[in-house]
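In case you want the letters, here they are:
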Amino acid sequence: MTTYLLDAAESLFVWYLSRTVVKGRLVLNTPSRSYSIPDEQLAEEAGPAAELTVHDPAFFIRVLTSPSTADLVFAEAYMQGGLTVKSHNDLVGFFKVCP
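In this text, all values refer to a predicted model and were calculated from it rather than measured experimentally.

Section: the side chain of T20
Within the fold, T20 resides in helix 1 (residues 3-20). Given the relative accessible area of 15%, T20 is considered buried. In this structure the side chain of T20 is engaged in a polar contact, spanning 2.8 Å, whose partner is the backbone oxygen of Y16.

So, the packing of aromatic side chains
Overall, the coordinates contain three aromatic pairs when judged by the stated rule. Both rings, one in F13 and one in F60, keep their centres 5.3 Å apart while their planes meet at 50°; by these two values the pair is tilted. Here F13 is found in helix 1, whereas its partner F60 is found in helix 2 (residues 58-65), with 47 residues between them in sequence. On the accessibility criterion, F60 (0% relative accessible area) is buried. Taking 5.6 Å as the distance between ring centres and 70° as the angle between the ring planes, the aromatic pair formed by F59 and F60 counts as edge-to-face.

A few points about empty space enclosed by the protein
Considering all chains together, one arrives at one cavity of 30 Å³ or more under this definition. In this structure, the largest cavity occupies an estimated 50 Å³ of space. As for the largest cavity, its lining consists of F13, L17, L26, L28, L52, V54, F59, F74, L83 and F94. Elements with a contribution of two residues or more to the lining of the largest cavity: helix 1, strand 1 (25-29) and strand 3 (49-54).

Calculation rules
- Residues numbered from 1 in each chain as written.
- Predicted model: local features only at pLDDT ≥ 70, side-chain atom pairs only at ≥ 80, totals over all residues.
- Heavy atoms only, no water.
- Helix = DSSP H or I, 4+ residues; strand = E, 2+ residues; numbered from the N terminus.
- Buried < 20%, exposed > 50% of the residue type's maximum accessible area, 1.4 Å probe, protein only.
- Polar contact = N/O pair within 3.5 Å; in protein donor to acceptor, adjacent residues only side chain to side chain.
- Phe/Tyr/Trp six-rings, centres within 6.5 Å; stacked < 30°, edge-to-face > 60°.
- 1 Å grid on protein atoms, 1.4 Å probe; cavity = no way out; pocket = protein on both sides within 12 Å on 5 of 7 lines; lining within 4 Å.
- Points joined across faces, edges and corners; volume = space filled by probe spheres on them.

Such coordinate-based values are descriptive only and should not be taken to indicate function.
This is the structure in structure tokens:
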């Protein structure tokens, strides 16, 4: 896949998360950069928190092209090592932050 397509998918995924996370905080580390959602200046102190690291940039394309099975894509990426969490609490926190 071209770098342009991967970058566009990552940006779209982060844009979607920035509108989905309404309570708590999500830190998303990707091969290209780190994101804090919502922006650190807007983040609430209280609420669930999660930190995820995406190692496989194609993850973003798989999630965006399969919105009805995004949870399955997420689980597969986690089991295959394409996505890791800092701790098991972050895995639970992700689902609390992103309803």
